[in-house]
Protein chains: 2
Amino acid sequence: MKKHNFSAGPCILPQEVFQEASQSILDFNNSGLSILEISHRSADFVSVMEEAQNLALELLGLQDKGYKALFLQGGASMQFLMTAYNLLDSKAAYLNTGTWSSKAIKEAKLFGEVIEVASSKDKNFNYIPKDYSIPEDADYFHCTSNNTIFGTQIKEFPNTDVPIVCDMSSDIFSRQLNFEDFDLIYAGAQKNMGPAGTVLVVVKENLLGNVDRQIPSMMDYQVHISKDSMFNTPPVYAVYVSMLTMRWIKKNGGIDAMEKRNAEKAALLYEEIDRNPLFEGFAAKEDRSPMNLTFNLKDEAHKDQFDTLWKDAGVNGLSGHRSVGGYRASMYNALSIESVQVVVDLMQKLEKEIN
Amino acid sequence: MKKHNFSAGPCILPQEVFQEASQSILDFNNSGLSILEISHRSADFVSVMEEAQNLALELLGLQDKGYKALFLQGGASMQFLMTAYNLLDSKAAYLNTGTWSSKAIKEAKLFGEVIEVASSKDKNFNYIPKDYSIPEDADYFHCTSNNTIFGTQIKEFPNTDVPIVCDMSSDIFSRQLNFEDFDLIYAGAQKNMGPAGTVLVVVKENLLGNVDRQIPSMMDYQVHISKDSMFNTPPVYAVYVSMLTMRWIKKNGGIDAMEKRNAEKAALLYEEIDRNPLFEGFAAKEDRSPMNLTFNLKDEAHKDQFDTLWKDAGVNGLSGHRSVGGYRASMYNALSIESVQVVVDLMQKLEKEIN
C-alpha cells in the first residue's frame with residue numbers, strides 16, 4: 001500500500017533521492033565501492049561536499065556575498081551552543097516561540113546575558129509575538145523561523161541593525177526570504193534538506209572572530225571554515241543525501257517553485273480544517289505554518305474513529321506532539337498534494353460517518 | 001573488477017551489511033517507508049537504537065557492569081572535548097602517541113592542567129612509549145589504543161588506580177581486552193563499527209557528575225544517558241548501519257573470532273614486509289598494529305611502478321598518510337584475507353620485475 005508520510009522529521013524525501021541513495025550504498029559513481037566505505041578525502045567525496053555547499057548558497061541566493069556554508073554534526077541542538085560560543089560576547093536577544101527557542105536560550109545563558117525580547121508562552125506558543133524591541137547593543141538577535149511542534153511560522157522578520165541568527169531547521173528551502181537579511185542561518189537537515197545526521201550552517205564571515213573567549217576546535221566556525229567542513233571526518237552519507245535533495249530542489253524550480261507548491265498544499269488542508277465542523281486549528285491564523293499544520297478534534301470522543309481511518313489509509317505520522325495533542329500534518333517539500341488530498345478526504349469521511 | 005579496499009576510514013564494511021543497508025533505504029522493515037524518512041521516535045527506530053547500545057556492551061563484555069553505551073555525533077574529535085568537559089576537574093594525564101592524542105591534549109588544555117606523561121614524537125610516533133608514570137591525583141589518564149596514521153598499537157595498558165579514558169576509534173571490536181579496566185571508551189564509528197556520522201561512547205556511570213563546571217546540554221554525558229542517546233535527533237542511518245555491523249560481528253564469532261582473523265591477515269602482510277628486500281616497515285616491531293600496517297619502499301624510485309601495479313589490480317586506499325609517506329594497509333574486520341594476499345602477491349611481483 002502506498003504510504004503518505006506526514007512525519008515531522010526525519011521526514012519524507014523525494015522518491016528519486018531514495019533510489020539514488022540506495023544505489024550508492026552498493027556502488028557509488030561506478031567506483032565498485034559503496035559510498036559508505038570511501039575516504040572522505042577521496043576526490044569523489046570532496047566533490048560531493050563542494051557541490052552541497054555550493055547548492056546551499058545558490059538556493060538561498062547567497063553566493064559571492066560573504067557567506068560560507070558548512071555541513072556539521074549535532075543538529076540544531078549543537079547550534080544552540082555553537083552560536084553562543086562564537087557570537088555571544090556580552091549579551092544577546094532571543095525571541096521565544098517555543099521548545100526550540102527555549103532550548104537555545106538555556107544554552108546561551110552559559111555564555112552571557114540573554115534578553116528574552118518576547119515570548120508566546122502565555123498561550124502555549126500558539127502565536128508569534130510581534131511587538132517587541134531588540135536592544136541595539138545586543139551581539140545578535142536569535143529566532144526560530146518555524147516551530148515544528150506548535151505549527152507557527154514567522155512571516156515578517158524584525159528590521160534591526162543587530163545581526164540576525166535564525167534557526168530555519170523546519171522551513172529552510174520551503175519559502176523565499178531575503179536571506180541577506182540574516183547573518184547566520186542554521187538548519188538540521190532532517191526536514192526539507194536531507195536525512196538526520198548533519199546540520200547546515202550558513203554564516204557571514206565578518207560576523208566571526210569578535211569574541212574573546214577561547215573556543216574549542218570543534219565549536220569554532222572559523223576552524224570548520226578553514227577546513228571546508230573537513231576539520232574532522234564529516235557525516236559522509238548525510239551530506240551526500242542532502243546534496244541529492246538540494247539537486248532535486250534546484251531541478252524542480254528552486255525555492256520559488258517549492259513555495260508555490262507548499263502554499264497550495266497548505267491552503268487545501270487549512271481550508272478543510274476551517275470548514276469541517278469536527279476540527280479546529282491550533283495556531284493563530286496569521287501565524288500558521290505551511291510546513292507543520294496543527295489541528296485538533298473539537299470532541300475527543302471521535303479520536304479512535306479518526307485514528308483508525310487514517311492509519312488504515314496508509315497515512316503515517318499524523319499524531320500531534322505531546323505538548324499540543326491532536327494532529328500535526330508535516331507537509332515538507334517532497335510531500336505530494338495527492339497525500340494532502342487523502343487526509344482531507346478522510347476528514348470529510350469522518351464528518352459523514354458521524355452525521 | 002573486484003575491489004580490495006584498504007582505506008583507513010571510512011572503510012570497508014561487510015558486503016551483507018551494504019546489501020541490507022541499501023534495501024532499507026527503499027523499504028525499512030517492510031514498512032513501505034525508507035529508514036531515512038521515519039521518525040527517530042518510532043518504535044522501529046527506538047528498537048534499532050536499543051539493539052545498537054546492547055550489542056556494543058555485549059561485544060565488549062560490559063553488560064550489567066555499571067556502563068552505559070551512547071551513540072552521539074561529532075566523531076572522536078568531539079570526544080576530545082566532551083571527555084575534558086565532563087571529567088577534567090583539576091588535572092589529567094595524557095599519553096601522546098601521535099596526531100589524535102595531540103589533538104585530544106590541545107582541547108583538554110582549555111579545561112585544566114594537562115600532564116603529558118610521555119610522547120613518541122622524537123621518532124615521528126613510530127613507537128609506543130612504555131616507561132612513564134601517571135600522577136596518582138590525575139582525574140583520568142587518556143590514551144589512544146591504536147594510531148591509524150603511524151600504524152602503532154598499545155599492547156599493554158598501564159596498571160593504575162586513575163580512571164582510564166581510551167580512544168579506541170581504529171581498533172574497537174578488533175581484539176579482546178579486559179574492557180573493565182577502562183572507565184570510558186569512545187570510538188568514531190567509521191572503522192570497524194559502521195559508517196561515518198556517529199561515535200560510540202561507553203562510560204562507567206559512577207565516573208560522571210564529579211566536576212563543578214556547568215556543562216552545556218549537548219556536551220553532558222549525563223544528559224545523553226538520561227535520554228538514551230535521544231536527547232536530540234540522533235544520526236539515524238549511521239546508528240542503523242553500525243547496528244547491522246555489530247550484528248555481523250556477533251554472528252561471526254564476536255571479538256575473539258575477529259582478533260584471530262585479524263592476526264592471520266596481519267601476519268601474512270608483515271611477513272612479506274620483513275622478507276621482501278624492497279620494503280621496510282615503519283612502526284617499531286613490538287608496537288605494530290594489525291589494523292593499520294605502515295611500510296615504505298626502501299628505494300622511492302620504484303614508487304610509480306608499484307603504484308601502477310596495485311591500482312591496476314583494483315586495490316584502493318593503499319597510499320600512506322602524508323605524515324609518514326609510503327604505504328598504509330588498513331585491514332579492518334571486514335577485509336578478507338584474499339585481499340591481503342593480493343597485496344602480498346603484488347609486492348612479490350614488483351620484486352621479480354625489478355630483479
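Residues numbered from 1 in each chain as written. Chains lettered and ligands numbered in written order. Predicted model: local features only at pLDDT ≥ 70, side-chain atom pairs only at ≥ 80, totals over all residues. Heavy atoms only, no water.

(A) Spatial organisation of the domain arrangement of chain A. All names here are of chain A. Along its sequence, chain A is carved into domain 1 (15-251) and domain 2 (254-354). Counting residues at the interface gives 28 residues for domain 1 and 26 residues for domain 2. Summing both partners gives a buried area of about 2200 Å² for domain 1 against domain 2, and 53% of it is carried by carbon and sulfur. Taken together, the connections running from domain 1 to domain 2 amount to two salt bridges. For the salt bridge of Asp 287 with Lys 130, the shortest nitrogen-to-oxygen distance reads 2.8 Å. (Domains from an automatic or database assignment. Contact = heavy atoms within 4.5 Å. Buried area = accessible area lost by both parts, 1.4 Å probe. Salt bridge = Lys/Arg side-chain N within 4 Å of Asp/Glu carboxyl O.)

(B) Structural view of helix α3 (residues 75-87) of chain A. For α3(A), with 13 residues, the first-to-last C-alpha span of 18 Å sits near the 18 Å given by 1.5 Å per residue. Summarising burial for α3(A): 13 of the 13 residues are buried, a large majority. (Helix = DSSP H or I, 4+ residues; strand = E, 2+ residues; numbered from the N terminus. Expected span 1.5 Å × (residues − 1). Buried < 20%, exposed > 50% of the residue type's maximum accessible area, 1.4 Å probe, protein only.)

(C) Representation of the interface of chain B and chain A. In this complex, chain B contributes 52 residues to the contact, which on the side of chain A involves 52 residues. Summed over both partners, the interface of chain B with chain A comes to about 4100 Å²; 62% of that surface belongs to carbon and sulfur atoms. Of all residues in chain B, B:Phe18, B:Leu36 and B:Glu37 bury the most surface against chain A, accounting for 14% of the area lost on that side. Here chain B is connected to chain A by zero salt bridges. Our count for the contact surface shared by chain B and chain A stands at 12 residue pairs in polar contact (both at pLDDT 80 or more). Counting residues per element, the ones that place at least two in the side of chain B that touches chain A are α1 (15-26), α3 (75-87), α4 (99-108) and α6 (236-251) of chain B. In terms of residue count, the dominant contributor to the side of chain B that touches chain A is α1(B) (six residues). Residue classes in the side of chain B that touches chain A are distributed as 26 nonpolar, 21 polar and five charged. (Polar contact = N/O pair within 3.5 Å; in protein donor to acceptor, adjacent residues only side chain to side chain. Nonpolar A, V, L, I, M, F, W, Y, C, P; charged D, E, K, R; others polar.)

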